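The lines below spell out each chain.
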Amino acid sequence: MAKSVTKTSAVDPMVERLRAALGSRAFTEQKMFGGTCFMINGNMLIGTSKRGLLVRVGKEAHGEAAARPHARPMEMGGRSMEGYVHVAPEGTATDADLRLDRALAFVETLPPKVKSTKAAKKRA
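About the criteria used
- Residues numbered from 1 in each chain as written.
- Predicted model: local features only at pLDDT ≥ 70, side-chain atom pairs only at ≥ 80, totals over all residues.
- Heavy atoms only, no water.
- Pairing = 2+ DSSP bridges.
- Helix = DSSP H or I, 4+ residues; strand = E, 2+ residues; numbered from the N terminus.
- Axes fitted to C-alpha atoms, helices over the stretch in contact; angles between N-to-C directions.
- Buried < 20%, exposed > 50% of the residue type's maximum accessible area, 1.4 Å probe, protein only.
- Arc of directions from axis to C-beta.
- Contact = heavy atoms within 4.5 Å.
- pLDDT = per-residue confidence, 0-100.
- Phe/Tyr/Trp six-rings, centres within 6.5 Å; stacked < 30°, edge-to-face > 60°.

Undergrad: Can you explain the sheet that holds strand 2 (residues 35-40)? Please cite residues and give values.
TA: Taken in spatial order, the six strands of this open sheet run 1-2-3-4-6-5, and their pairing is antiparallel. Bordering the open sheet on either side are strand 1 (28-32) and strand 5 (71-76), each of which pairs with just one other strand. Adjacent strand axes in the sheet meet at a mean angle of 35° when their direction is disregarded. Pairing geometry for strand 3 (residues 43-49) and strand 4 (residues 52-56), over four bridges, is antiparallel. The residue of strand 4 that forms the bridge with G47 is L54.

Right under this line is the structure:
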């Protein structure tokens, strides 16, 4: 009799660390950009990737956040994404490095996103 083999995906240790860093806050997770994005009220807060973290800090905090060690402005498709920074893995080595205060301060100011359906879009 043949054995049934179930594929299991390896759990990204960064996902577990970010869950712990978010503590008791209400958040959701969504697969995006080849990693896992953490959302608060439907707004992206932070995302994982093999190349580091994508952190949403908002336009006002962009320059200061991008100037931090191991951080740089986020680029996607050759375009700079103002308000988002990329943090290299070296900048996330310790739990103290995972301070999410800038990202939380910005994202918590955003209104909740409401999921729309295709039918609702057609009515508009």
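Next, the rest of the story.
Undergrad: So what about helix 1 (residues 13-22)? Which residues, and what values?
TA: Buried residues of helix 1: M14, V15, L18 and L22, and no others. Projected down its long axis, helix 1 carries its buried residues within an arc of 100°, all on one side. Turned more than 90 degrees away from the buried face of helix 1 sit P13 and A20, all of them exposed. Where helix 1 is buried, its residues contact strand 1, strand 2, strand 3, strand 4 and helix 3 (101-107).

Undergrad: Give a detailed account of the confidence of the model for the chain, specifying residues and quantitative values.
TA: Per-residue confidence for the chain averages 85 on the pLDDT scale, and 85% of its residues sit at or above 70. When the elements of the chain are averaged for pLDDT, helix 4 (residues 118-123) gives the smallest value, 53, and strand 2 the largest, 95.

Undergrad: Tell me what's going on with unusual backbone geometry, and back it up with residues and numbers.
TA: Negative phi is the rule for most residues except glycine; trans is the rule for most peptide bonds. For N41, which is not glycine, the phi dihedral falls at a positive 55°. With respect to the helices and strands, the residue N41 is situated in the loop between strand 2 and strand 3.

Undergrad: Which residues make up the packing of aromatic side chains, and what values do they have?
TA: Scanning the model with the defined rule gives one aromatic pair in all. Here the aromatic rings of F27 and F38 are separated by 5.6 Å at their centres, their planes lie at 50°, and the arrangement is tilted. With F27 in the loop between helix 1 and strand 1 and F38 in strand 2, the pair connects residues that are eleven residues apart, well separated along the chain.

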